[in-house]
Every structure is written in structure tokens, then in C-alpha cells.
Amino acid sequence: MSQRMLSSVLRARPNVVVRRAATPALTIPHRFSSSDSHSQETFEQFSDRYVAFFQGAQDLFEVQRGLNNCFAHDLVPSPGVVEAALRAARRVNDYATAVRVFEGIREKVENKQQYQAYLEELKPVREELGIDTKEDLYIS
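About the thresholds
- Residues numbered from 1 in each chain as written.
- Predicted model: local features only at pLDDT ≥ 70, side-chain atom pairs only at ≥ 80, totals over all residues.
- Heavy atoms only, no water.
- Helix = DSSP H or I, 4+ residues; strand = E, 2+ residues; numbered from the N terminus.
- Phe/Tyr/Trp six-rings, centres within 6.5 Å; stacked < 30°, edge-to-face > 60°.
- Buried < 20%, exposed > 50% of the residue type's maximum accessible area, 1.4 Å probe, protein only.
- Lys NZ or Arg CZ within 6 Å of the ring centre and 35° of its normal.
- pLDDT = per-residue confidence, 0-100.
- Contact = heavy atoms within 4.5 Å.

With respect to unusual backbone geometry
Part 1: Not every positive phi belongs to a glycine, and Asn-93 is a case in point at roughly 65°.
Part 2: Here Asn-93 is to be found in the loop between α5 (79-91) and α6 (95-108).

Here's what the structure looks like:
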């Protein structure tokens, strides 16, 4: 069928010259499936990846991009990831982002008890860095 189409195209436009494309000396296979490019990672690998990311973040854009990506996953980040994110936010001198990390945790957890557990576990870090939660800042 492709030969018939090619011959009809050549008849319709006789000034078109068909050339065979040069084949490259080295052919590199490409994978186009998104599932192949990202293998399943464990929660520990996820946590290690984001802890390393936040430890290397140098500016506010990187910290906020990392938080966006981290919180986009269908899981609640480990306290180690949250601690690294808080330290990164304070390192780039953005208090508001540090407070918003706790807002993100509050939205991701299933109930208030889990949120309270995160607050208790991260209390020493919050005190060290001087970070209040939104609830502490806006007591009515």
C-alpha cells in the first residue's frame, strides 16, 4: 500500500526526488514510555531523594519547586524530609515558606492526630529554627 501511495505522489509531483535517509553510524534506542523512565521507588528512597534535594537547594525557587514536587505525590513526606525542607526554607531566609510547610502537612495527613504527631516530632526543629505554625500565629 505504501508503494502505491508513493507512486501516486510521484506521479502527482514529478519534480520531487525520493532519497533514502542516511542511517546514522550509531543508533541509540529511545524509550518513550513514561512508566519505564521512573521505576517504583520505595518510601525510603523517596525520602532520601528529597532530603538530598533540600540539603542542596540554594535559592527560594528551588525550595518551593521541591516542596511542590514532594507534596504532589500521593503520600505524606517523612519527618526527615520535612526537617530538611524547613532547614532549606530558613537557609534561603524565607519564613513564610517554612510556615507553609506545616500547612501542607496538615492538608496531606488523614486526621488531626497524625498532624499532632508531626508537630510533636518536629518540635525541637521548630524551636531551633524559630518557626511557628499558622495556628500559633493566628490565635483568635
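Thoughts on the packing of aromatic side chains
Part 1: Evaluation of the coordinates by the stated rule reveals five aromatic pairs.
Part 2: Relative to Tyr-50, the ring of Phe-46 lies with its centre 4.8 Å away and its plane at 55°, an arrangement referred to as tilted. Here Phe-46 pairs with Tyr-50, and both are found in helix α3 (residues 43-56), just four residues apart, close to one helical turn. No difference in accessibility class separates Phe-46 from Tyr-50, as the two residues are buried.
Part 3: Taking the centre distance of 6.5 Å and the plane angle of 65° together, the rings of Tyr-50 and Phe-53 count as edge-to-face. Linking Tyr-50 with Phe-53, this pair stays in helix α3, spanning three residues, or about one helical turn.
Part 4: Ring-pair connections join several aromatic residues into one group, and the members of that group are Phe-43, Phe-46, Tyr-50, Phe-53 and Phe-54.
Part 5: For the cation-ring pair, Arg-126 lies above Phe-102, with the distance from its terminal atom to the ring centre recorded as 5.7 Å.

Some thoughts on the confidence of the model for the chain
Part 1: Here the chain averages 82 in pLDDT, and 72% of its residues register 70 or above.
Part 2: The least confident element of the chain, judged by mean pLDDT, is helix α2 (residues 34-37) at 50; the most confident is α5 at 96.
Part 3: Low confidence marks residues 30-34, where pLDDT is under 50. Its contacts with residues over four positions away, or in another chain, come to one contact.

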